[in-house]
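# Remarks on the overall topology
Residues per chain are reported as follows:
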Amino acid sequence: DPPSDWDQIFECLREARDAFDKGGSSGWKGCATGVRLALEKWSKKEKESPGPGWAVPDPKLLHSRTKRERTDAVRWHVYQLAHYLVHHQAAECDREDAALVLAVLSALLAVRKP
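This report concerns the structure included in the present document.

The next point concerns the overall build of the protein chain. Helix and strand counts for the protein chain stand at five helices and zero strands. In the protein chain, the succession of helices and strands from N to C terminus is α-α-α-α-α. C-alpha extents for the protein chain along the principal axes are approximately 40 × 40 × 30 Å. Here the protein chain holds 114 residues, and the buried ones make up 16% of them. Restricting the contact set of the protein chain to residue pairs at least 6 apart, pairs at least 24 apart contribute 44%. Surface summary for the protein chain: the accessible area is close to 9,500 Å², and the carbon and sulfur share equals 61%.

The next point concerns helix 4 (residues 67-86). For helix 4, which comprises 20 residues, the first-to-last C-alpha distance of 29 Å matches the rise-based estimate of 28 Å (1.5 Å per residue) to within 8%. Listed in full, the buried residues belonging to helix 4 are T71, V78 and L85. Buried residues of helix 4, viewed axially, fall in a sector of 35 degrees; they line one side. Structurally, helix 4 contributes buried residues whose contacts are with helix 5 (95-112).

Take the packing of helix 4 against helix 5 next. The interhelical angle for the contact between helix 4 and helix 5, taken along N-to-C directions, is 155 degrees, at an axis separation of 10 Å. Between helix 4 and helix 5, the crossing angle belongs to the class labelled roughly antiparallel. The two elements helix 4 and helix 5 meet at a crossing, and its hand is left-handed. Taking contact as the criterion, the partners of K67, R68, T71, V74, R75, V78, L81, A82 and L85 in helix 4 are, on helix 5, D97, L100, V101, V104, L108, V111 and R112. For the contact of helix 4 with helix 5, the residue count by class is 10 nonpolar, one polar and five charged.

Where charged atoms from two side chains of opposite charge approach closely, those side chains can pair. Tallied over the full model, the rule gives seven salt bridges. D18 is the partner of R17 in a salt bridge, and the nearest nitrogen-oxygen pair spans 3.2 Å. Looking at R17, the relative accessible area reads 45%, which means it is partly exposed. Of the residues examined, D18 reaches a relative accessible area of 44% and is grouped as partly exposed. The residue D72 makes a salt bridge to R75 at a minimum N-O spacing of 3.0 Å. One end of the pair is D72 and the other is R75, both in helix 4 and three residues apart, which spans about a single turn. With a relative accessible area of 49%, R75 lands in the partly exposed category. Taken together, the salt bridges that share partners define one network made up of R68, D72 and R75.

What counts as what
- Residues numbered from 1 in each chain as written.
- Predicted model: local features only at pLDDT ≥ 70, side-chain atom pairs only at ≥ 80, totals over all residues.
- Heavy atoms only, no water.
- Helix = DSSP H or I, 4+ residues; strand = E, 2+ residues; numbered from the N terminus.
- Buried < 20%, exposed > 50% of the residue type's maximum accessible area, 1.4 Å probe, protein only.
- Contact = heavy atoms within 4.5 Å.
- Areas by Shrake-Rupley, 256 points an atom, 1.4 Å probe, with all protein chains shown as cover.
- Expected span 1.5 Å × (residues − 1).
- Arc of directions from axis to C-beta.
- Axes fitted to C-alpha atoms, helices over the stretch in contact; angles between N-to-C directions.
- Parallel < 35°, antiparallel > 145°, perpendicular 65-115°, else oblique.
- Left-handed = near helix turned anticlockwise from the far one by under 90°.
- Nonpolar A, V, L, I, M, F, W, Y, C, P; charged D, E, K, R; others polar.
- Salt bridge = Lys/Arg side-chain N within 4 Å of Asp/Glu carboxyl O.

Structure (C-alpha cells):
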C-alpha cells in the first residue's frame, strides 16, 4: 500500500482506469485527464529531475507543439531509459523497468499506427 500522502495520486489513477474501462470518446478523454491530474499531483509532491542541462521549454514553444511532437518527445525519453538499462549492470534493471519501457513502447506504437 502506498503512503497516505499518495492517496490523491492513486485516486486519479483509479479514475483514469475507470474512464478507460468505460471507453468511447468521453472515456478516453477521461482517462487522459486522470493521468494528467495524477502526474500534476505527483509533480507537486516530487518535482521532476531530468538531469543536468535539461530545461523546460518556453511555455509558448510548449503550446505550439503538436501531438506528434509531444509523442516523439516521450519516445526519446523512453529510449534514454532503455539505453541506460542496457548499458548498466543487469541488477539495475528489474521487472518494473522492463514493464515500463515495454508498456510505453506499446502505447506509442498504438498511437503512431505505423
